[in-house]
Amino acid sequence: MDAPPPSSQRPELVAALRGLRDLVGSPSLRALEAAAARAGRSLPRSTVGDLLNDGKPAWATVEAFVLACQQHATSQRLATPEGSFDPAGWRRKYKHAHGPTSALADASLHATGATAPPVSRRPAGAGIHSTVAGSVEPVISAGHIEIIGFGDTIRISQTAAGAHVPTQPLTGLVELPLDDGDLPAMRDLDPYQLGASPTEFGDRDTYRQQDQYVPRTRNNVDDVLRDKLVPGRLVVVVGPSKTGKTRTAFEAVQERWPDARVLAPVPALGQLARHPRIEGSTDLLVVWLDDLQRFLTTTDALTPAVLVQLTARPGPTLLIATLRREERDRLTADTGELTRDTRQLLNDATVIELGPTSDDDKEQAAARAAYPSADLSIVGLGERLAGAPQLLRQYRDAQPILLSIVQTAIDWARVGMQRPIPADDLTTLALDRLFHDHPELDPSDADIAAALHTARMPPRGAGRVAALRTVPLADGTRGYRVFDYLIAQDDNQTDAPRPIPTTFWDQALQRANPEDAFTIGITAYERSNLQITRSAWEISATAGNTAAMVNLGVLLSDYLQPPDLDRACVWYERAATAGHTDGMVGLGNLLSDSVRPPDLEGARTWYERAATAGNTDAMNNLGNLLCHSVRPPDLVGARTWYERAATAGNILAMNALGLLLAYELQPPDLKGGRNWLERGATAGDTDAMNNLGVLLAYELQPPDLEGARAWLERAATAGNADAMFSLGVLLAGKVRPPDLEGARSWYEAAATAGNTSALNNLGILLASQMQPPDLEGARVWYERAATAGDTIAMANLGGLLAGQVQPPDLEGAYVWYERAATAGNIGAMNSLGILLSSKMQPPDLEGARGWYEAAAAAGNTNAMNNIGAMLAYQVQPRDLEAARTWYERAAEAGHTLAMNSLGVLLCLEVQGPDLDGARTWYERAADAGNTDAMVNLGNLLSDQLQPPDLDGARAWYERAANSGNTNAMVCLGILLSDQLQPPDLGGARAWRERAATADTDGRHPEGSRVPITPNTAPPST
């Protein structure tokens, strides 16, 4: 792996990298991270920040940065000067900064095994390539080490930090009527009060008379749910609309906790968590969240932080929620940093999956027994009791006027409007929709009234539920809520999703208040409509909503193309000045990550303000800034802030602190690093689990492979692609005996999850580790990785085609080597030289020399040695002076084959042998373990030196022979029988027999002594 360039030579490289970023429009760090991912590389924001602030980059980081800039320029159709992204040119810049003595990556003709991770930080998704064109090392993922985007700003209250908030009466914060001024007890409630649909068999007035509960026995849902209802936990019952989620949850809670007080809040959980009745009470509290999505898209939303606040009250608190399946799928989709908190909340929750009774014969039989008059031939009990089939049939068969009314009410809810749609708005918007869809129709007021009446009345056989439920509004007019089963149908529960008309988003915004606009912005973002997202949040932010200001900052800086950093800065600063700590964090991120040049002092100031106010993300980011951005790094300060954030429960900081202690401090504090990684892993952070596994396997002495495997399996099973990859490396290369099938399985899982390094390792596994090799399978994986831009896989594919498949496919090998070499892979340049000079018929020595020289110019010592061998033994006429020069360059850089070859050249090839020079190089190579050099040194001492040094020769022959070198055995036999006085015939015979047993190809006839010269050995790979 390349070492970082010396600090005295880095400014030119840093300036060139900054210039390249400016050339492609100064994309944000997040945009570069995304562009690198599209190019099959990982380039975390913290790594880029380090790179552009006079950091100490490895070549892989520089290469990924250049590829990201090229990808960004291509996606934005930017014209750039020819050669702007030339890998060889950037490699030369890197080498100039690196200095002349570094050792660079080599490429082999075939893949080699996986190696352990270096002592360095590796953000999530980054693959660490080994120093040969082979396997890839485990990833030390710090996906949360980079300066984070402060999570889901939906969680933030509009209230400025530290401001006095008058206590709002509890009445305005809950949906259920209070019981003598207090929250009602669970035993006094019925499911209809908590959101269950009334039916012809039961409602609030007739509960438990005819509406008996049908136990949910499939997968033991009732038993499991009751067991999971423990304080401190969020339990979410997820299933299709009208499968009985609310009733099932109600029965479980009432049986397990009948005396609990029930908090059924309006969507303003942050305020409730701070209310004296909640915050300071000691009684058992059940927080009831029917239709959970309502509580995730408001300004004062439920977030992990609010959940912690609710469950940290003196009394025990449990949260129970219901959520439609299609809503869950939408909310948990990876839509970026703005929805991180929502994803984390749902991923950390205990989820109980519930299907309709029609999915289970036993449940359906119980439902028929309990409700013999209900037609359950095609649907489950919940759908039948709610009249869902009849309402769906009415909707699908509706005439245009009725259809326009119902679809308008559905889309009102789908765009994020949580309040009922007023009657006037419903009529106006429905007529607009009707005119668009059916301009030939001209309905009268009576037609509209009749259609609306139909929508408000349950259809025949539908029980007590209509498509629209009438709600009295505060101004004395009517409003309407649509039956949620119809929303689910249009959102892909059973039918294909129906798009929301573009014009309807605009019409809703025209009728939105600032809180509506904020929620519409969140909903539009989740539905990938960024234009409406921006418009909605601008309305809310202009009205003073600081959370919307923060979200606008994120949107404008990280998601808009091209980014609008000036406006993002304005909105962040407005929120920060108003006391919003996430605005401070966002502004710090912008100043450190995105503006050119970075304003690290400004970023530090805003982070410190937010951290001092208690924002743990700011503490974590401040630690990142001090550790990775400022020069020189302030590791003491970084550690202090990481510790404050981690001690306060920030799991990202636990991971970052663990990595700081284990990999940044000198000497490392492995015990402390392990402790914090364990705390983060135990708290559920899969990156910490992966990092802990890597530390246990590769840093700890002795390694704890069982512990490493356990943590990596936990993270991999939870979906962490880096852990899948690391687990594959562990099983293939670290455990004994190797578990190659297990490694293959995890590599495949990582590859499916988008880890391109796993594609290459799969090729290596199949080609070089499995017995018998699966060369066709290896070729497929190499080609997938190579097609994704992995130059190491290209080189490995060339090696497979040139050296493993039978017959060799030299033309195919040439194509892939050349692609890798042209993309800047130094090892592939060397391998291409080998192919052209030693495998192609006839050889292309000029072409080989060109590629060797390109690799050598980049510091590849194998290529230097190979040029020397080609000039000495292949070109005509031979160029021994040039060969000596290249051998010396490689030998001085530590290349033992070149040392031996140089000794042979000086001893046997040049006019007027230089025996002293030859002896010096033989000895250097022999001391480094090269057995051929030991043989050649023995030859020189016994045959060429005057007088001969037979004792010295015998010592070197014996060292080489005991290492298995058959030439040494032959030479030792000759020495003992023919040169030693008196002869040692028994010893000579023993060594000759060992040689014959070890080497039966007849290359060493009795009495011959074979010098090991470059032309009898393959080129260096």
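So, here is what we can say about the structure in this document. In this text, all values refer to a predicted model and were calculated from it rather than measured experimentally. (Residues numbered from 1 in each chain as written. Predicted model: local features only at pLDDT ≥ 70, side-chain atom pairs only at ≥ 80, totals over all residues. Heavy atoms only, no water.)

Before going further, it helps to spend a moment on the sheet that holds strand E5 (residues 285-289). The sheet built from five strands is open, its strands ordered E4-E5-E6-E3-E7 with parallel pairing. In this open sheet, the two strands that pair with only one neighbour each are strand E4 (261-263) and strand E7 (350-353). In this sheet, neighbouring strand axes are inclined to one another by 25 degrees on average, regardless of whether the strands run parallel or antiparallel. As defined by bridge partners, strand E3 (residues 234-239) adjoins E7 across four bridges and the pair is classed as parallel. Opposite Val 235, over in E7, you have Thr 350 as the bridge partner. Running at roughly 165 degrees to E7, helix H6 (residues 221-228) makes contact with E3, strand E6 (317-324) and E7 of the sheet. The sheet strands contacting helix H11 (residues 325-332) are E3, E6 and E7, and the helix crosses E6 at an angle near 105 degrees. (Pairing = 2+ DSSP bridges. Helix = DSSP H or I, 4+ residues; strand = E, 2+ residues; numbered from the N terminus. Axes fitted to C-alpha atoms, helices over the stretch in contact; angles between N-to-C directions. Contact = heavy atoms within 4.5 Å.)

Looking now at the packing of helix H47 (residues 966-979) against helix H48 (residues 985-998). Each pair of packed helices can be summarised by the angle the axes make with each other and by the distance between the axes. Close contact between H47 and H48 brings their axes to 8 Å; oriented N to C, the two are set at 160 degrees. The angle between H47 and H48 falls in the class roughly antiparallel. Crossing geometry of H47 relative to H48 is assigned as left-handed. When H47 is examined against H48, the residues Thr 966, Met 969, Val 970, Leu 972, Gly 973, Ile 974, Leu 976 and Ser 977 are found in contact with a partner set consisting of Leu 985, Gly 987, Ala 988, Trp 991, Arg 992, Arg 994, Ala 995 and Ala 998. (Parallel < 35°, antiparallel > 145°, perpendicular 65-115°, else oblique. Left-handed = near helix turned anticlockwise from the far one by under 90°.)

Along the chain, Gln 254 falls in helix H7 (residues 245-256). In this structure the C-alpha to C-alpha distance between Gln 254 and Arg 187, which are 67 residues apart in sequence, comes to 6.2 Å. From its side chain, Gln 254 meets the backbone oxygen of Met 186 in a polar contact 3.0 Å long. At 3.4 Å, the side chain of Gln 254 forms a polar contact with the backbone oxygen of Leu 189. (Polar contact = N/O pair within 3.5 Å; in protein donor to acceptor, adjacent residues only side chain to side chain.)

The next point concerns the nonpolar core. Counting residues in each nonpolar core, the largest one holds 125 residues, and the members touching the most others are Tyr 747 and Tyr 887. Dropping the residues within four chain positions of it, Tyr 747 is found in contact with Phe 725, Gly 728, Val 729, Ala 732, Ala 758, Asn 761, Leu 762 and Leu 765. In terms of nonpolar packing, the next biggest core, distinct from the first, is built from 51 residues, Ala 576, Ala 603, Met 619 and Met 654 among them. (Core = buried A, V, L, I, M, F, W, Y, C linked by side-chain atoms within 4.5 Å. Buried < 20%, exposed > 50% of the residue type's maximum accessible area, 1.4 Å probe, protein only.)

Three or four residues apart is the spacing at which side chains of an α-helix point the same way, because the helix has 3.6 residues per turn. Taking 1.5 Å of rise per residue, 13 residues should cover 18 Å, and helix H24 (residues 565-577) covers 18 Å from first to last C-alpha, within 8% of that figure. Here H24 has its buried residues at Leu 565, Ala 568, Trp 571, Tyr 572, Ala 575 and Ala 576. Projected onto a plane normal to the axis of H24, the buried residues spread over an arc of 135 degrees and lie on a single side. Counted as exposed and oriented over 90 degrees from the buried face of H24: Asp 566 and Thr 577. Buried positions along H24 lie against helix H22 (530-542), helix H23 (546-559), helix H25 (581-594) and helix H26 (600-612). (Expected span 1.5 Å × (residues − 1). Arc of directions from axis to C-beta.)

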